[in-house]
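Inside the fold
Spelled out, the chains give:
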Amino acid sequence: GSTGMVKSLGGANGLVAGSNNMTLYTFDSDVANNGKSACTGGCATTWPPLTVPSGTTPTAGAGASGALKTITRDDGSMQVTYNGMPLHFYSGDTAPGDTNGHYPGWNIAKP
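As a starting point, this report considers the structure included with it.

Cut-offs applied
Residues numbered from 1 in each chain as written. Predicted model: local features only at pLDDT ≥ 70, side-chain atom pairs only at ≥ 80, totals over all residues. Heavy atoms only, no water. Helix = DSSP H or I, 4+ residues; strand = E, 2+ residues; numbered from the N terminus. Rg over C-alpha atoms; globule rule 2.2 N^0.38 Å. Buried < 20%, exposed > 50% of the residue type's maximum accessible area, 1.4 Å probe, protein only. Lys, Arg positive; Asp, Glu negative; His and termini not counted. Charge placed at Lys NZ, Arg CZ, Asp CG, Glu CD. Contact = heavy atoms within 4.5 Å. Disulfide = S-S within 2.5 Å. Pairing = 2+ DSSP bridges.

Digging into the overall build of the chain
Summing up its helical and strand segments, the chain has 1 helix and 8 strands in all. Its helices and strands taken in sequence order, the chain reads β-β-β-α-β-β-β-β-β from the N to the C terminus. Taken against the 2.2 N^0.38 rule, which gives 13 Å for 111 residues, the C-alpha radius of gyration of the chain at 13 Å falls within 12% of a compact globule. Taken along the three principal axes of its C-alpha coordinates, the chain extends 30 × 30 × 20 Å. Counting over 111 residues, the chain shows a buried share of 42%. Averaging the locations of the 5 positively and 6 negatively charged side chains of the chain gives two centres separated by 9 Å.

Rendered as structure tokens:
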């Protein structure tokens, strides 16, 4: 069975991507459920979106009980949202468990 595209590591940790166990983040400038991501261009290079192939339904793994949906980004890619908030990686995280992206305006995505 699939481990899901998003799951929780439990404890104080936030959500991670099922594909690589890397920490996921949300951006304070995003508005839940508005169908857009405020992080584009250079921002999206530093904070790459968690995307899925078109037509794919994101699935939740253990501990991730929120609503998983997708939005269409400006470039046509499908970004995963959790409880309406677009999910991003941080380019400075290099290993599972890294949380280097916890900057002002950015939060570790919480289950």
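From this point, the narrative continues.
Let's talk about the side chain of Gln-79
One can find Gln-79 in strand S6 (residues 78-82). Owing to a relative accessible area of 0%, Gln-79 belongs among the buried residues under this scheme. Residues contacting Gln-79, with those up to four places away along its chain left out, are Ser-37, Pro-49, Leu-50, Thr-51, Lys-69, Thr-70, Ile-71, Arg-73, Pro-86, Leu-87 and His-88.

Examining the state of the cysteines
By the definition in use, this model includes 1 disulfide. Between the sulfur atoms of Cys-39 and its disulfide mate Cys-43 the distance is 2.0 Å. Here the S-S torsion is close to -105°, and the disulfide linking Cys-39 with Cys-43 is therefore left-handed. Since its relative accessible area comes to 0%, Cys-39 is described here as buried. Accessibility expressed as a relative area gives 23% for Cys-43, which makes it partly exposed.

Concerning the pairing of S6
Of all the 5 residues making up S6, 5 are buried; the element is thus mostly covered by neighbouring parts of the structure. Here S6 shows two buried faces, one formed by Met-78, Val-80 and Tyr-82 and the other by Gln-79 and Thr-81. The sheet contact formed by strand S4 (residues 51-52) and S6 spans 2 bridges and is antiparallel. Note that in S6 the partner of Val-52 across the bridge is Met-78. Strand direction decides the pairing type here: strand S5 (residues 68-72) and S6, joined by 5 bridges, are antiparallel. Its bridge partner lying in S6, Thr-70 is registered against Val-80. Adjacent in sequence and paired antiparallel, S5 and S6 are bridged by 5 residues, among which Gly-76 carries a positive phi angle near 90°.

What to know about unusual backbone geometry
One non-glycine residue, Asn-21, lies in the positive phi region at around 60°. One can find Asn-21 in the loop between strand S2 (15-17) and strand S3 (25-27). Asn-21 sits in the partly exposed class, given a relative accessible area of 29%. Of note in the backbone geometry, Asn-33 takes a positive phi value of approximately 65° without being a glycine. Mapped onto the elements of the fold, Asn-33 is located in the loop between S3 and helix H1 (42-46). Relative accessible area serves as the criterion here: at 59%, Asn-33 is assigned to the exposed category.

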